[in-house]
Amino acid sequence: MAWASLIVVAFTVGAVLHARGMLPIDHLPPLHAQARPPALSLLPALLLAALAVTVLPAVVARSRFGTALLAAYGVALAWTVLLALSGDGLAQPFTSRYEYQAVLPAVGDDPLGWLASFTERLPGYPTHVRGHPPLAVLVLWALARVGLPGPLPAAVLVVVVGCSATVAVAVTVRRLAGEEAARQALPYLALTPAAVWIATTMDAFFAGVGAWGVALLVSGGRARVPLGAAAGVLLGALPYLSYGLVPYLLIPVVAAAVARITRATVIACLAGAAAVTAAFAAGGFRWPAGVLATHAEWAADPGATRPYLYFLIANLAVLALLTGPATAAGLVRTVPGGVRALVAAAIVAVLALDVSGVTRGEVERIWVPYAVWIVLAAAASPGRRWLAAQALTGLLLQGLVASPW
């Protein structure tokens, strides 16, 4: 199978490069992780996966659509949390000195002052802050200000919002390809192997924001114009959450074209996005200047020395792991037109980032917002066997890989 071959080759070549000292900061390339033996703590996730593979397809097929969405979301939450708890715990990634939480004391009581000086002070910030725009930090700062400080509330926010992409993507599919297509996709969205990195990297939060932006954009009904404006705010926020989400905007463009949204909705969406840009500009943050500053930091980072040609291919092997074997099988089968357009848009966006060379490794988190759309192709490989293969991939990733995220 091409899926397995790509992964085996990527890990084999990665091991050789690491042994020769060409990938000193990656111990399990192409993943930025280390190998570990599976533990008995993975058993609850295994039992949940077995139950979900047996029951969830029938539940989402026979229930009212709202109930089906809730069931899939509940499974996605439980699956993601149990995977995380089998390792170092739900909140552990947010305790790292390289993460966003570490810069919150610098924000202090003056978020606008911090925002205005963000680009200037960028070299002194933790790794992930240097590699991203300022909005993610401001989200966590706001969470702390409403009485929910610390790594655990941040982790809960990420998981709750990240897993909600399951619902948002299904709602979008229902609008573009019909309810049956959405129901078929729900079990695969809920048991995605990407759940290993949905708990808990901020990129999972980005995935939820982006997915709801697309869902609101294509929503019909009398409220489509205000929903379009709300979609514009969410989608307009994406470039301020991660520079790597600029290609993501191809997904809502394609979704809007397939759904044939009204001109008024398009205008409302653009107005919402423009409002986000205007707000950041008024706060003193200029996005182009942020890009240039972050690129300078990236160029000076050890990650920039990773071999381009290896990661050009190996990054796709990581995407294959996140989306699972059922997705690979589904890509060569008949997929409903609306779903096919969404999957193709996400793949093109990933390829654009991959070819750019700025995503050399550590893409297991960067690909999460894109993986939740690409995994839609798995629905073209129906049956419990393929769903079980998806869950098994997630279990093996969690059990054998110790990731910092």
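All residue numbers here refer to positions counted from 1 along the written sequence of the relevant chain. Predicted model: local features are reported for residues with pLDDT of at least 70 only, side-chain atom pairs are reported and counted for 80 or more only, and whole-chain, interface and lining totals are derived from all residues. Note that water and hydrogens are dropped before the side-chain values are worked out from all heavy atoms of the structure.

Here's the deal with the overall build of the chain
From N to C terminus, the chain includes 23 helices and 2 strands. In this description the radius of gyration comes from C-alpha coordinates, and the expected globular size is given by 2.2 Å times residues to the power 0.38. Taken over the C-alpha trace, the chain has a radius of gyration of 20 Å; the compact-globule value for 405 residues is 22 Å, and the two agree within 12%. Taken over the C-alpha atoms alone, the chain extends approximately 60 × 55 × 40 Å along its principal axes. When the 405 residues of the chain are sorted by exposure, 55% land in the buried category. Working note: accessible area of the chain is about 16200 Å², and carbon and sulfur atoms make up 69% of it. When charges are tallied, Lys and Arg are placed among the positive residues and Asp and Glu among the negative ones, while His and the ends of the chain are skipped. By convention, the point assigned to a charge is CZ for Arg, NZ for Lys, CD for Glu and CG for Asp. For the chain, the distance from the average position of its 23 positive side-chain charges to the average position of its 14 negative side-chain charges is 14 Å. Helix and strand definitions here come from DSSP, where helices need a minimum of 4 consecutive H or I residues and strands a minimum of 2 consecutive E residues; each element is numbered from the N-terminal end. Exposed residues in this analysis have more than 50% of their type's maximum accessible area, buried residues have under 20%, and partly exposed residues fall in between, with area computed by a 1.4 Å probe over protein chains only. Exposure was quantified through the Shrake-Rupley algorithm and a 1.4 Å probe, taking into account, for residues, occlusion by the shown protein chains and nothing else.

Considering the packing of aromatic side chains
Aromatic rings from Phe, Tyr and Trp, with only the six-membered ring used for Trp, were paired whenever their centres fell within 6.5 Å, and each pair was classed as stacked if the ring planes differed by under 30 degrees, edge-to-face if by over 60, and tilted otherwise. What the rule picks out here adds up to 11 aromatic pairs. Note on Tyr240 and Phe285: the rings are 6.1 Å apart at their centroids and 70° apart in plane angle, and the pair reads as edge-to-face. With a gap of 45 residues between them, Tyr240 in helix 14 (residues 224-241) and Phe285 in the loop between helix 16 (263-282) and helix 17 (287-299) connect regions that are remote in the sequence. On the basis of relative accessibility, which here comes to 1%, the residue Phe285 falls in the buried class. Ring centres 6.4 Å apart and planes at 85° place the aromatic pair Trp367 and Tyr370 in the edge-to-face group. Assessed through its relative accessible area of 0%, Trp367 is described here as buried. Here Tyr370 falls in the buried class, since its relative accessible area comes to 0%. Ring pairing ties together the aromatic residues Trp114, Phe118, Tyr125, Tyr240, Phe280 and Phe285, which thus form one cluster. Stacked on the ring of Trp405, the Lys or Arg Arg365 has its end atom at 5.0 Å from the ring centre. For a lysine, the NZ atom is tested; for an arginine, the CZ atom; a charge sits over a ring if that atom is within 6 Å of the ring centre and within 35 degrees of the ring normal.

Section: helix 11 (residues 179-190)
One less than the residue count of a helix, multiplied by 1.5 Å, gives the span that helix is expected to have. With 12 residues, helix 11 should cover 16 Å at 1.5 Å per step; its first-to-last C-alpha distance of 17 Å lies within 8% of that length. Among the 12 residues of helix 11, 9 are classified as buried, and the element is accordingly described as predominantly covered. Inspection of helix 11 places Ala181, Ala182, Arg183, Ala185, Leu186, Pro187, Tyr188, Leu189 and Ala190 among the buried residues, and these make up the whole buried set.

Observations regarding the nonpolar core
Nonpolar side chains tend toward joint burial in soluble globular proteins. Only buried residues count toward a nonpolar core. Its members are Ala, Val, Leu, Ile, Met, Phe, Trp, Tyr and Cys residues joined through side-chain atoms within 4.5 Å. One finds Trp79, Trp367, Trp373 and Leu376 to be the most contacted residues of the largest nonpolar core, which totals 149 residues. Of all the elements, helix 13 (residues 202-217) adds the most residues to this core, at 11 residues.

Fair warning: the whole summary comes from geometry, so function is off the table for now.
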